[in-house]
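Topology and contacts: notes
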Amino acid sequence: MASTKEIKNRIESVQNTQKITNAMYLIASTKLTKARADLDKTLPYFRLQESEMKRIFQRRNDVDSHYFYPKTGRKPAESYAYLVITADKGLAGSYNYNVLKAAEAELRKHKKTMLYVVGEYGRQYFLRRKIPIERTFLYTAQNPTFRRAREIGGVLLGLYNQKKCDEIRVIYSQMEKGGQAQVKKAQLLPFERGRFGTMEVHSGEIRKEYEFVPNVTAALENIVPSYICGFIYGALVESFCSEQSARMTAMKSANDNAEELLGTLSVEFNRVRQGAITQEITEVVGGAKAQKKKYEKKRLEAEKKRLEEEKRRRTEK
């Protein structure tokens, strides 16, 4: 059985760990709030871009752009590019694991793939498994900004425009209601025409005709890159929020486990201390009894000696 000193040291160690997990929980909560606020500020702009793309398709049926599947139907893609968004750090439950497993499953489906990774955790994971990575975007997972999203979008758009891949897909995490992270697999390019073919018309809205300069295709292709960058920025922020939410859940679970462990250790500490006190009392009582027996033995020996001495004197007389 462990001594009281060992148990006390263990309690102090658990309490120190609990301070760290509490601090990580608060930091993750602050980062989550800030990231959601930043996303909410920029979302209206990108939603407006999507709305304008829908307006174009609603009014013009002759739109021809390589960013969209042709009207005649889609051809089977031969090459794929995947953007996989992970975190730079662990301690976030199954957040990274779920994204990476989904990415591996997608990569196994196709023979010709190109892998682009956000996050040091994902980079190390694929390197350990010797899965080739075309490019890693460093310092992006912990600092999702539109500038970094534009950098990633430029790389992927250049890849698509040069016809080095037929489809570009994104695998990331999205925070659902209740704070649960759900893995999302989205096709970035090319777009499905049906996605922009319909738009809700509000009551009282006047149907207007638009004039496109120099033409509708040029106008559309001018909007698409910004829309792509906005989508990537949203995916980066959603992943970052999901990471912080998962880390908060993990740290809360760690705190709860620490509280439970502290309760168990406190009971054990009290039991051991009580046992030590009982042992000390037993030793004191046992020592007192031993001293009493020793004193009684000496008294009897002295009494016996006195009687013998008295008997000897009587005999001499």
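Structure's up top.
Here is what the cut-offs are and how they apply
Residues numbered from 1 in each chain as written. Predicted model: local features only at pLDDT ≥ 70, side-chain atom pairs only at ≥ 80, totals over all residues. Heavy atoms only, no water. Helix = DSSP H or I, 4+ residues; strand = E, 2+ residues; numbered from the N terminus. Polar contact = N/O pair within 3.5 Å; in protein donor to acceptor, adjacent residues only side chain to side chain. Contact = heavy atoms within 4.5 Å. Pairing = 2+ DSSP bridges. Axes fitted to C-alpha atoms, helices over the stretch in contact; angles between N-to-C directions. Buried < 20%, exposed > 50% of the residue type's maximum accessible area, 1.4 Å probe, protein only. Right-handed = clockwise from strand over helix to strand, strands pointing away. Parallel < 35°, antiparallel > 145°, perpendicular 65-115°, else oblique. Left-handed = near helix turned anticlockwise from the far one by under 90°. Nonpolar A, V, L, I, M, F, W, Y, C, P; charged D, E, K, R; others polar.

**Digging into the side chain of Glu 106**
Topologically, Glu 106 is positioned in helix α2 (residues 95-109). Looking at Glu 106, its side chain comes within polar contact range of the side chain of Arg 169, at 3.4 Å. If we skip the residues at most four places from it in the chain, Glu 106 touches Tyr 82, Arg 169, Ile 171 and Lys 185.

**Points about the sheet that holds strand β3 (residues 135-137)**
Hydrogen bonding along the main chain pairs the strands of a sheet, whether they run parallel or antiparallel. Strand order in the open sheet formed by 5 strands is β3-β2-β1-β4-β5, with mixed pairing between adjacent strands. Each edge of the open sheet carries a strand with a single partner, namely β3 and β5 (181-189). For this sheet, the mean inter-axis angle between neighbouring strands, taken without regard to orientation, is 20 degrees. Where strand β2 (residues 112-118) lies against β3, 3 bridges are found, and the strand directions are parallel.

**Topic: the pairing of strand β1 (residues 79-85)**
Of all 7 residues in β1, 7 are buried, a share of seventy percent or more. Here β1 shows a buried face lined by Ser 79, Ala 81, Leu 83 and Ile 85 and a second buried face lined by Tyr 80, Tyr 82 and Val 84. In terms of strand pairing, β1 meets β2 through 7 bridges, oriented parallel. Bridging across to β2, Tyr 82 finds its partner in Leu 115. With α2 bridging β1 and its parallel neighbour β2, the resulting β-α-β unit is right-handed. Pairing analysis gives 5 bridges linking β1 to strand β4 (residues 167-175), with the strands arranged parallel.

**Observations regarding the environment of Gly 286**
In this fold, Gly 286 is placed in helix α6 (residues 216-316). For Gly 286, a relative accessible area of 36% gives the class partly exposed. Along the sequence, Gly 286 and Gly 119 sit 167 residues apart, while their C-alpha atoms lie 68 Å from each other.

**Concerning the packing of α2 against helix α3 (residues 120-128)**
Interhelical geometry of α2 versus α3 gives an angle of 45 degrees and a closest axis separation of 11 Å. It follows that α2 is oblique to α3 by the angle criterion. The handedness of the crossing between α2 and α3 is right-handed. From α2, Asn 96, Leu 100, Lys 101, Ala 103, Glu 104 and Leu 107 reach across to α3, where they touch Tyr 121, Gly 122, Tyr 125 and Phe 126. A class-by-class count of the residues in the contact of α2 with α3 yields 6 nonpolar, 2 polar and 2 charged.

**Concerning the packing of helix α4 (residues 146-161) against α6**
Where α4 meets α6, the axes come as close as 8 Å, and the angle between the chain directions of the two elements is 125 degrees. The orientation of α4 relative to α6 falls into the category oblique. Judged by the sense of rotation from one axis to the other, the crossing of α4 with α6 is right-handed. Seen from α4, the contacting residues are Phe 146, Ala 149, Arg 150, Ile 152, Gly 153, Leu 156 and Leu 157; seen from α6, they are Pro 225, Ile 228, Cys 229, Gly 230, Ile 232, Tyr 233 and Leu 236.

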